[in-house]
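Residue strings, one per chain:
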Amino acid sequence: VQRWLCHPEMEKGFHLRGLVLKIACWPVYLLGTVLAVLAKEIPYIPTAKEAHRGQFLRQASVHLFYLTVYLVTLVYTLYHRLIQLPEGGLVLSSEAVWAMIGFATLSALMMCGAVFAAWDSLTLPAGKPWETIPVSELGRGGP
């Protein structure tokens with residue numbers, strides 16, 4: 001359906017912002033899953049579609065916490081493997097440990113994208129984003 005319901009000139013290309021938004025919303029999905037398992041009722045509250053400035057820590061706190069845990073774990077793992085672990089232990093566990101560090105690093109890079117998006121939201125102009133779109137011209141092949 002996307003092929004027929006989009007503006008080809010304005011919506012072509014790689015949608016990096018949509019990907020970052022999808023990845024950055026994992027705390028919401030996790031909380032929703034936990035509340036569904038606990039059978040908690042949550043009232044439907046429509047959200048205002050307006051730009052809100054100055055909420056960096058509120059938007060990025062979970063992601064910053066994740067990155068902090070990642071960095072502490074990475075430093076501890078490197079310290080433990082390079083200084084404390086005997087050579088026999090290194091040989092037996094090398095591939096699994098580095099693979100898990102690689103997976104965690106990919107996730108941390110995605111969290112960096114979410115933190116950057118939250119930081120970038122500090123410079124958004126206040127107001128309703130759809131007020132700047134010339135809706136009347138979109139149907140006539142305009143911008």
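Each value, and the rule that gives it
- Along every chain, residues carry numbers that run from 1 in the direction the sequence is written.
- In keeping with the predicted nature of the model, local features appear solely for residues at pLDDT of at least 70, side-chain atom pairs appear and are counted solely at 80 or more, and the whole-chain, interface and lining totals rest on all residues.
- Heavy atoms throughout the structure, all of them, feed into the side-chain values; hydrogens and water do not.
- Secondary structure elements are defined from DSSP: runs of H or I of at least 4 residues count as helices, runs of E of at least 2 residues count as strands, and each element is numbered from the N terminus.
- With a 1.4 Å probe rolled over the protein chains alone, any residue whose accessible area is under 20% of its type maximum counts as buried; one over 50% counts as exposed, and the rest are partly exposed.
- In what follows, a contact means two residues having at least one pair of non-hydrogen atoms within 4.5 Å.
- For the accessible areas, the method is Shrake-Rupley and the probe is 1.4 Å, while residue cover comes only from the protein chains on display.
- Polar contacts, as used here, are pairs of N or O atoms within 3.5 Å; protein pairs need one atom able to donate a hydrogen and one able to accept it. Residues neighboring in sequence count only if both atoms are side-chain atoms.
- Aromatic pairing here means that ring centres of Phe, Tyr or Trp (its six-membered ring) are within 6.5 Å. Orientation follows from the plane angle: under 30 degrees is stacked, over 60 is edge-to-face, and everything else is tilted.
- Scored from 0 to 100, pLDDT reflects the predictor's confidence in each residue.
- Given a helix with a known number of residues, its expected span is that number minus one, times 1.5 Å.
- The angle between axes fitted to the seven residues ending at a residue and the seven residues starting there is what we call the bend at that residue.
- For every element, the axis is a line fit to its C-alpha atoms; helices are fit only across the contacting stretch, and the angle between N-to-C directions ranges from 0 to 180 degrees.
- Lys, Arg, Asp and Glu make up the charged group, whereas Ala, Val, Leu, Ile, Met, Phe, Trp, Tyr, Cys and Pro make up the nonpolar group; the residues left over, Gly among them, are polar.

Engineer: Can you help me understand the overall build of the chain in this one?
Structural biologist: If you tally the helices and strands in the chain, you get five helices and zero strands. Sequence-ordered secondary structure for the chain, helices as α and strands as β, is α-α-α-α-α. Across the 143 residues that make up the chain, the buried fraction comes to 13%. Taking as baseline every contact in the chain between residues at least 6 positions apart, the subset at least 24 positions apart corresponds to 79%. For the chain, the accessible surface area stands at approximately 11800 Å², while carbon and sulfur atoms represent 69% of it.

Engineer: Which parts of the structure should I look at to understand the environment of His80?
Structural biologist: Mapping His80 onto the fold places it in helix α3 (residues 56-84). A relative accessible area of 27% means that His80 is categorised as partly exposed. A polar contact is formed between the side chain of His80 and the side chain of Gln84, at a distance of 3.0 Å.

Engineer: Help me out: how do you make sense of the packing of aromatic side chains in this one?
Structural biologist: For any pair of aromatic rings, the description consists of the separation of the ring centres together with the inter-plane angle of the planes. Within this structure, the stated rule accounts for two aromatic pairs. Plain terms: the ring middles of Trp26 and Tyr66 are 6.4 Å apart, the flat faces sit at 70° to each other, and that makes the pair edge-to-face. With a gap of 40 residues between them, Trp26 in helix α2 (residues 26-37) and Tyr66 in helix α3 connect regions that are remote in the sequence. Considering the side-chain rings of Phe56 and Trp119, the 5.2 Å spacing of their centres and the 90° angle between planes classify their relative orientation as edge-to-face.

Engineer: Just checking my understanding: could you explain the confidence of the model for the chain for this structure?
Structural biologist: In regions of low pLDDT, the predicted coordinates are not meant to be interpreted in detail. Mean pLDDT over the chain stands at 80; residues scoring 70 or higher make up 83%. Model confidence for the chain, summarised as mean pLDDT per element, is weakest for helix α5 (residues 135-138) at 62 and strongest for α3 at 90.

Engineer: Is there a simple way to explain the environment of Ile42 in this structure?
Structural biologist: Position of Ile42 relative to the elements: it lies in the loop between α2 and α3. Classification of Ile42 by relative accessible area gives exposed; the value is 57%. Along the sequence, Ile42 and Gly32 sit 10 residues apart, while their C-alpha atoms lie 9.3 Å from each other.

Engineer: For this particular structure, what's the right way to read α3?
Structural biologist: The periodicity of an α-helix, 3.6 residues per turn, causes residues three or four places apart in sequence to face the same way. Across its 29 residues, α3 extends 39 Å between first and last C-alpha, which sits within 8% of the 42 Å expected from 1.5 Å per residue. In α3, a bend of some 40° at Val62 exceeds every other bend along the element. For α3, the full list of buried residues reads Phe56, Ala60, His63, Leu67, Tyr70, Thr77 and Arg81.

Engineer: Looking at this model, I keep getting lost on the packing of helix α1 (residues 16-24) against α2. Mind explaining?
Structural biologist: When two helices pack together, their arrangement is given by the angle between the helix axes and the distance between those axes. With their axes 5 Å apart at the nearest point, α1 and α2 run at an angle of 35° to one another. Contact with α1, carried on its side by Lys22, Ile23 and Ala24, involves Trp26, Pro27 and Tyr29 of α2 and no other residues of that element. Per-class residue counts for the contact of α1 with α2 are five nonpolar, no polar and one charged.

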